[in-house]
Amino acid sequence: MTVAKKFAVIGNPIAHSRSPEIHQAFSKQTGIELSYERILAPLDGFAQVVQDFFAQGGNGLNITVPFKEEAFALCDVLTERAKAARAVNTLWMKNGQLHGDNTDGAGLVNAITTLNWSRNHSHILILGAGGATRGVILPLANAGAAEIVIANRTLTRAESLVEDLSAFVKTTKLQVISLDQLEGHFDLIINATSASLAGEGIQLPNTLTFNYAYEMAYGKPSSFIDQAKQRGVPTADGLGMLIGQAAEAFYVWNGVRPDLSHFSL
Ligand code: ATR
């Protein structure tokens, strides 16, 4: 009899995480038996929860808000994309060493690919320069972007992000602008700010045009998506990215890639 593998997602809060249902669906699709729990870690007790989970024979953990940076700091071994992101959303133990990866960017690239948006995404504009942006720049660059422009309210934050990432991003041109310099044409615009969640949507001027619009958040009203729709631009929210990062974590842990072509929750 095969023993089911043990996985979980840790966050605070965690009650609304959709990761268990996504991984259960992957399990059903691939025949890999697993359990997948939600674990609420106290804000000052994350490291202990991770240690206990692996001590009790757990196979892998996903990490969500607000622990991704702390997870990064705990790891003995990191993938290149985790180093670039300085944040970890996927953990596993191998030969007594804690390994960390960041699958968020691969999830975004995968989601965009799965959408079948027809053109190549060579010139990309990202709104925001926080953790969400940091996690996706290297995978977007590696997917073939010629130029990524990062627009942020606080310019210095975007500048230091680009400085950090320049060690990892080789051929893609990284540019920084402030939110009042939004203009020109882009193949793809991505909202990685928390502005729409706070109900304080960023106004997209008419001098800014784009073919496709991706909102990283999901399940909430988004003024970013509303504005793109008003222009007749195809849009998507972050549910596809969530499913994509889960699929990539599943692959990292199990060596099997779930088929996302007909996947829905
Ligand atoms: P995350 O980890 O989700 O990226 P974060 O690190 O707090 O969260 O970053 C939030 C991002 O949303 C930042 O780029 C922030 O801009 P600043 O760096 O200038 O703070 C952006 N943001 C949040 N509220 C905003 C608002 N009302 N208008 C514009 N940008 C906003």
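Once a new chain begins, its residue numbering starts again from 1 and follows that chain's sequence as written. Given that the model is predicted, a residue must reach a pLDDT of at least 70 before its local features are reported, and side-chain atom pairs must reach 80 or more before they are shown or counted; all residues, however, enter totals for whole chains, interfaces and linings. Computation of side-chain values: all heavy atoms of the structure, hydrogens and water removed.

What follows is about the sheet that holds strand E12 (residues 235-236). The rule for pairing is simple: two strands pair if DSSP sees at least two bridges between them. In DSSP terms, a helix is any run of H or I states spanning at least four residues, a strand is any run of E spanning at least two, and both are numbered starting from the N terminus. The strand order across the open sheet built from six strands is E9-E8-E7-E10-E11-E12, with neighbouring strands paired in parallel fashion. For this open sheet the edge positions go to strand E9 (173-178) and E12, each flanked by a neighbour on one side alone. Against the sheet, helix H8 (residues 223-230) touches strand E7 (123-127), strand E10 (184-191), strand E11 (208-215) and E12, its axis set at about 135° to E11. We call two residues contacting when some pair of their heavy atoms lies within 4.5 Å. Working convention: axes come from line fits to C-alpha atoms, limited for helices to the stretch in contact. Angles between N-to-C directions cover 0 to 180 degrees.

So, about the environment of Leu-34. By the element assignment, Leu-34 lies in strand E2 (residues 34-40). Sequence spacing of Leu-34 and Lys-6 is 28 residues, and the spatial spacing of their C-alpha atoms is 5.8 Å. Beyond its immediate chain neighbours, meaning those up to four positions away, Leu-34 contacts Ala-4, Lys-5, Phe-7, His-23, Gln-24, Ser-27 and Phe-250.

In this model helix H9 (residues 239-254) runs 22 Å from its N-terminal to its C-terminal C-alpha over 16 residues, within 8% of the 22 Å that 1.5 Å per residue would give. Three exposure classes are used, based on accessible area relative to the maximum for each residue type with a 1.4 Å probe and protein chains only: buried under 20%, partly exposed in between, and exposed over 50%. Where burial is concerned, most of H9 is hidden: 12 out of the 16 residues are buried. Gly-255 sits one or two residues past H9 and shows a positive phi near 70°. One less than the residue count of a helix, multiplied by 1.5 Å, gives the span that helix is expected to have.

With that settled, the discussion passes to the packing of aromatic side chains. In this scheme Phe, Tyr and Trp rings, the latter by its six-membered ring, pair at centre separations within 6.5 Å, and the angle between planes marks the pair as stacked below 30 degrees, edge-to-face above 60, and tilted otherwise. All chains considered together, the criterion is met by seven aromatic pairs. Centroid distance Phe-26 to Phe-250: 5.5 Å. Interplanar angle 75°. Geometry classified as edge-to-face. With a gap of 224 residues between them, Phe-26 in helix H1 (residues 19-30) and Phe-250 in helix H9 connect regions that are remote in the sequence. On the numbers, 4.7 Å between centres and 10° between planes, the contact of Phe-46 with Phe-67 is stacked.

So, about unusual backbone geometry. The step from Asn-12 to Pro-13 runs through a cis peptide bond, and the omega angle for that step is 5°. Look at the link from Val-65 to Pro-66: it is a cis peptide, with omega at 5°. With respect to the helices and strands, Pro-66 occurs in the loop between strand E3 (60-63) and helix H3 (68-74). Phi at Arg-86 takes a positive value of approximately 55°, unusual for a residue other than glycine. Relative to the elements of secondary structure, Arg-86 occurs in the loop between helix H4 (80-85) and strand E5 (90-94). On the accessibility criterion, Arg-86 (41% relative accessible area) is partly exposed.

Around the ligand there are 15 residues in total, and Asn-152, Arg-153, Thr-154, Arg-157 and Glu-200 lie nearest to it. Polar contact is the term for a pair of N or O atoms within 3.5 Å; when the atoms are in protein, one must be able to donate a hydrogen and the other to accept it, and sequence-neighboring residues count only if both atoms are side-chain atoms. Between the ligand and Thr-154 there is a distance of 2.5 Å, counted from an oxygen atom to a side-chain nitrogen or oxygen. Relative to its unbound accessible area of 640 Å², the ligand is 73% covered by the protein chains. Gly falls in the polar group here, along with every residue not listed as nonpolar (Ala, Val, Leu, Ile, Met, Phe, Trp, Tyr, Cys, Pro) or charged (Asp, Glu, Lys, Arg). Among the residues making up the shell around the ligand, the classes are represented as five nonpolar, seven polar and three charged. The nearness test applies per residue and asks whether one of its heavy atoms lies within 4 Å of the molecule or strand. Only the protein chains shown count as cover for residues, and the accessible areas themselves come from Shrake-Rupley with a 1.4 Å probe.

Let us look at the domain arrangement of the protein chain. Those domain boundaries reflect an automatic or database domain assignment. Each assigned domain of the protein chain is listed with its residue range as follows: domain 1 (5-102) and domain 2 (105-240). For domain 1 versus domain 2, the separation of C-alpha centres amounts to 26 Å. Contact residues are listed per partner, giving eight residues for domain 1 and 10 residues for domain 2. Between domain 1 and domain 2 the total buried area reaches about 830 Å² when both faces are included, carbon and sulfur atoms providing 61% of it. A pairing counts as a salt bridge when a side-chain nitrogen of Lys or Arg comes within 4 Å of a carboxyl oxygen of Asp or Glu. At the junction of domain 1 with domain 2, the criterion picks out one salt bridge. The interface formed by domain 1 and domain 2 includes zero residue pairs in polar contact (both at pLDDT 80 or more). Of the residues belonging to the side of domain 1 that touches domain 2, the class tally is two nonpolar, one polar and five charged. Computed with a 1.4 Å rolling probe, the buried area is the accessible surface lost when two parts are put together, summed over both parts.

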